[in-house]
Amino acid sequence: MSDPNGLIQPGRPAPGFTLAATPDGALTGPEQFRGRPVVLAFYPADWSPVCGDQMSLYQSAAPVFAQYRAVVLGISVDSIWSHRAFAQSRGVEFPLLADFEPKGEVARRYGAYSSRGEADRALVVLDPAGTVAWSYLSPPDVNPGADGIFDALDQLASDRKVMAG
C-alpha cells in the first residue's frame, strides 16, 4: 500500500475514511467526492507556525482549486474544537478533519503518521475515481507550498482531455 518510506504511492486506491468535520458532522472520503479531484493535506498541528501558513496558503489559493473542481481537505490529529478555533483564527474555509480517535488512524492508512504522534506533513492528490495520482512527504518544518499540487491537478486535467478527445 505504501513505499518503504511509508507514504502511499500513485496508482494505489485511496483508503476510505469517515472523519469529523464539524462538532456534529463528518465527511466520508474519498467516495463522497467521486468525480472530482481531492487534495488531502496531512499536517502535524493546528497552531504551529508552518501549519498555519500552509493552511492559509491553500485558503488563499481556493479560486485556483475551484478552477480544477478540486476538493481540499486538511487532516491532523487535533480535535474538531481545535480545528474550529484554528480555522476561524486563520480564515480557513475548507474542511479541517479531525483524525483524533483512534488517533492518527487515517494518517496511518496513508502512510502519513509520524513517530512523534502526529500526522506527517504530507500531500496526496486523488483523481476523480479515488486513486492516488500524486503524493509528497515534506520535512515537518517546511511548508510544501502548492506548486506540486497544481502540477498534479494539471496532469489530471490533461489526462481527462486526452481521454475525452
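Just above sits the structure.
Here the structure is a predicted model, which means the values were calculated and not measured.

A. Fine view of the pattern of salt bridges. In total, this model carries three salt bridges according to the counting rule given. D53 is paired through a salt bridge with R90; the nearest N and O atoms lie 3.2 Å apart. With D53 in helix 1 (residues 49–60) and R90 in helix 3 (residues 80–90), this residue pair connects regions lying 37 residues apart in the sequence. Given the relative accessible area of 33%, R90 is considered partly exposed.

B. How the structure looks around the side chain of S138. Within the fold, S138 resides in strand 7 (residues 132–138). Using a relative accessible area of 5% as the deciding quantity, one classes S138 as buried. A polar contact is formed between the side chain of S138 and the backbone oxygen of V142, at a distance of 2.9 Å. If sequence neighbours within four positions are ignored, S138 has contacts with R121 and P144.

Calculation criteria
- Residues numbered from 1 in each chain as written.
- Predicted model: local features only at pLDDT ≥ 70, side-chain atom pairs only at ≥ 80, totals over all residues.
- Heavy atoms only, no water.
- Salt bridge = Lys/Arg side-chain N within 4 Å of Asp/Glu carboxyl O.
- Helix = DSSP H or I, 4+ residues; strand = E, 2+ residues; numbered from the N terminus.
- Buried < 20%, exposed > 50% of the residue type's maximum accessible area, 1.4 Å probe, protein only.
- Polar contact = N/O pair within 3.5 Å; in protein donor to acceptor, adjacent residues only side chain to side chain.
- Contact = heavy atoms within 4.5 Å.

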